[in-house]
Amino acid sequence: MTLYRKELGRVLKSLIFLLAAAGIVLFAYTQGVFPPHSTITKPEPGAASYGTKASGDPALIMPEAAESLFVQYSVNQYTTYPSGFLKYVKLNQADRVKMGEIIAELSVDVIPDDVQEPGDVPAANDGTLQIDGDSLQSNADGSFQIITPEGEMPIDFAFNPDMTWERFSELMAQADAMLGGGSDFSETWMNHRFGQIPVTYEEALADYELTVSHDKMTGAHARLFSDYMGIILGLLPVFPAVFLCLSDRKNIASMLYTRRISSTRFILARFLALVTAVMIPVLIMCAVLTGIHVADYGLGNIDILAYFKYAFFWMLPTAMASTAVGLFFTTLTNTPVAIAIQLLWWFVDTLGGNGVYSFLGVRTLQVIPRHNALGKTQAYLDYLPDLIQNRIWIALIAVLLVAFTVFVFSAKRRGLLHVSVFKRSKVQSAI
Amino acid sequence: MPESNIQIRNLSKSYGRKQALCGLNLDIASGMFGLLGRNGAGKTTLMKTIATLLKKQEGDIAICGVPVEKAAEIRKIIGYLPQDFNMYGSMTVSQALDYLGVLSGMSKAQRYDRISILLKQVNLIEHSGKKVRLLSGGMKQRLGIAQALLHDPKVLIVDEPTAGLDPEERVRFRNLLCEVAENKTVILSTHIVGDVEATCEEIAILDDGRLLFGGTVSGLCNMAEGSVYTAEITQNELPKIRAAYTITATLSQGKSSTVRFLSPDSRPAIGKPVTPGAEDAYILCLSKAGKGGNLHDAV
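(A) Representation of the overall build of chain A. When its secondary structure is counted, chain A shows 15 helices and six strands. Buried residues in chain A amount to 38% of all 431 residues. Considering only residue pairs separated by 6 or more positions, chain A has 76% of its internal contacts joining residues 24 or more positions apart.

Okay, structure coming up:
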């Protein structure tokens, strides 16, 4: 406990921690969750809109998705997010022919004769859509583009009414694979992007009532806060961890190694101090936010502990994981390589396309669960079992990394492990 | 012979193909013990192995009867001052000692008492609130010895502590080591013969991981009896003398020089024999080893 307090004091007084803490608060401020920019209000009947929701109805999804694919095919420019970042894909002639075959199968009207090889006409269609030469523009790369006169709608697309959901899903999977993944036609995104229907007043009211009864307002706010805090806690805690461990260089390590303390106690105290430190600004914000909501909704209408419950259940495992990555890889290598490793994990997690939003499914090793909505309580309750599993896994990974750190530290203090990443060890200097 | 606190038997250690220690046997009793040798002789490897920082490959080491494999037990009874001692620069002197005291498993009261005593002993009491990064080289070394003594260890391992210190600080540090050596075993590793001569009774000389000499300083000097000469020569004669003998000291006086040189095999044509000093004997020992001789067998 004494060592924990001393390590905590060292972390709290370090410049890198102060910068990380400032970064955490600043991020919350810029994202509009500290202080909160909106309050939860009861929906009024007769409003213009209550938002939209995914219907999951194949009858709605299929024609919308097929038409979207056709439009992108027509200009040979597909919007994808393969690594989370926007990427426009242009298909080569051979792939255009294959995509044309998919379009042809989806449509009752279109034969994409602008891209067909001579004599290669899909047999499955009866109708044809003629495109005259003026509507086609040859590009430098050999592809063609359909020119639609300004103000006119693109060529009409009629979805094949005989298409089954199974076959449609297969064709969309082929299209997505051809585009390199991350397109609107991937299995994950298709159900979300297409077939959206308006939320009714009754549904909006039910969601509100669930938010009131289950979340007591602050639960919903805390979820949105957790969503943003997860993003920042998935990255920044690695910095104090790396810098604290790097401070053991310059002959200080041997001073620590020859002390009586066990490796387990030393590493555990350090880990707990680092995690406590990064959670302090979060917990302070939680307290302030709870106070704000008391003023907004009244003390009797909120769950006064909601923010703290989410801090420990949702945010803490993320902070533990990024701290443990910093602790382990810095102890192992004596270099800041942990920052790059955590950055990679963070990047894959936050910008990795599929599964970014938890209501699309929480992946087991997702360090940053997302719930970028104020409310959506039912959706939260639906994915809660997955989220609990995820949080346990992430916490376990952190504990495992700490255990590995203990092992590495123990081996290093006995001279059993020398890891040199950037420079060759000099035997002579050790003799 | 006093009772041995550290027994080293057939100790070997290598880094890849480089043999750092080769079948070393050594007994170290209470008091100051000097470990001499060139850079790369194996001194630091030996110190680190005793301090549990390196794993031995062959042989045995026992410290106060505890085998070195029991690292947790050994750490309770040793204090270690590494070469180029350093500590977190943002800590003050007393904070640094308090932190290391916690790592040594000391209670708050124990830390308070020991830190006060040690700061007085190493003459840092007035600098207890000073940041470590602001300490001079000498003050830092004194902090180093204080931290090594913090938990009152039975064995103190001090590796090249005076390197980089000015002469005044060196003398002060040597005196400090002698003061703290009471009722302890202090192993002082250095390549500065003067430090060992001034502080240690028992010494060992290592070369290429092997023991060249083990015994007392006077024993070492006795071995060089009749091998050390001094002569006054002209500057023109100096290259000839240098080619023929190992010179241990040269004092220039205008056009002439007084040289002190070694001639172990025969009486030289010039010069007169003098009483050998520890440095003469040490260099003679190393030069004989360079020719394949081993003085240890003769001791």
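(B) Main features of the sheet that holds strand β11 (residues 228–234) of chain B. Residues and elements named next belong to chain B. Pairing is antiparallel in the open sheet, where four strands are placed in the order β12-β13-β11-β14. Lying at the two open borders of the sheet, with one neighbouring strand each, are β12 (246–253) and β14 (272–273). Two strands pair when backbone bridges link them, and β12 and strand β13 (residues 256–262) are joined in this way by seven bridges, in the antiparallel orientation. By the bridge assignment for β13, A249 is matched with R260.

(C) Local environment of the interface of chain A and chain B. Facing 23 residues of chain A, the contacting portion of chain B comprises 32 residues. Elements represented by at least two residues in the side of chain A that touches chain B include exactly α1 (2–12), α10 (253–257) and α15 (427–430) of chain A. Tallying contributions element by element places α10(A) first for the side of chain A that touches chain B, with four residues. When its residues are assigned to classes, the side of chain A that touches chain B shows ten nonpolar, seven polar and six charged.

(D) Summary view of the sheet that holds strand β10 (residues 210–216) of chain B. Residue and element names in this part refer to chain B. Here we have six strands laid out as an open sheet, ordered β6-β7-β8-β3-β9-β10, and mixed in their pairing. Edge positions in the sheet fall to β6 (78–81) and β10, since each has one partner strand and no second. Sheet twist, expressed as the average angle between the axes of neighbouring strands with direction ignored, equals 15 degrees. Relative to strand β8 (residues 185–190), strand β7 (residues 155–159) runs parallel, the two sharing five bridges. Bridge pairing in β8 places V158 opposite L188.

(E) Quick peek at the packing of helix α3 (residues 93–103) of chain B against helix α4 (residues 108–121) of chain B. All names here are of chain B. At a closest axis distance of 10 Å, the pairing of α3 and α4 adopts a crossing angle of 135 degrees. In terms of orientation, α3 and α4 fall into the oblique class. Relative to α4, the crossing made by α3 is right-handed. Counting all contacts with α3, which are made through S94, L97, D98 and G101, the residues of α4 involved are R111, R114 and I115. Split by residue class, the contact of α3 with α4 holds two nonpolar, two polar and three charged.

(F) Highlighting helix α4 (residues 93–106) of chain A. The end-to-end C-alpha distance of α4(A), which contains 14 residues, comes to 20 Å, matching closely the 20 Å that a straight helix rising 1.5 Å per residue would cover. Residues A:R96, A:M99, A:G100, A:I102, A:I103, A:A104 and A:L106 constitute the buried set of α4(A).

(G) Highlighting helix α5 (residues 137–149) of chain B. Taking 1.5 Å per residue, 13 residues should reach 18 Å; α5(B) reaches 19 Å between its end C-alpha atoms and fits that length. For α5(B), a buried count of ten out of 13 residues is recorded, marking the element as mostly surrounded by other parts of the structure. When α5(B) is considered as a whole, its buried residues turn out to be B:K140, B:Q141, B:R142, B:L143, B:G144, B:I145, B:A146, B:Q147, B:A148 and B:L149. Looking at the packing, one finds that the buried side of α5(B) touches α10 of chain A together with β6, α3, α4, β7 and α6 (167–180) of chain B.

Thresholds applied
- Residues numbered from 1 in each chain as written.
- Chains lettered and ligands numbered in written order.
- Predicted model: local features only at pLDDT ≥ 70, side-chain atom pairs only at ≥ 80, totals over all residues.
- Helix = DSSP H or I, 4+ residues; strand = E, 2+ residues; numbered from the N terminus.
- Buried ≥ 20, exposed ≤ 12 C-beta atoms within 10 Å, placed from the backbone.
- Contact = placed C-beta atoms within 7 Å.
- Pairing = 2+ DSSP bridges.
- Nonpolar A, V, L, I, M, F, W, Y, C, P; charged D, E, K, R; others polar.
- Axes fitted to C-alpha atoms, helices over the stretch in contact; angles between N-to-C directions.
- Parallel < 35°, antiparallel > 145°, perpendicular 65-115°, else oblique.
- Left-handed = near helix turned anticlockwise from the far one by under 90°.
- Expected span 1.5 Å × (residues − 1).

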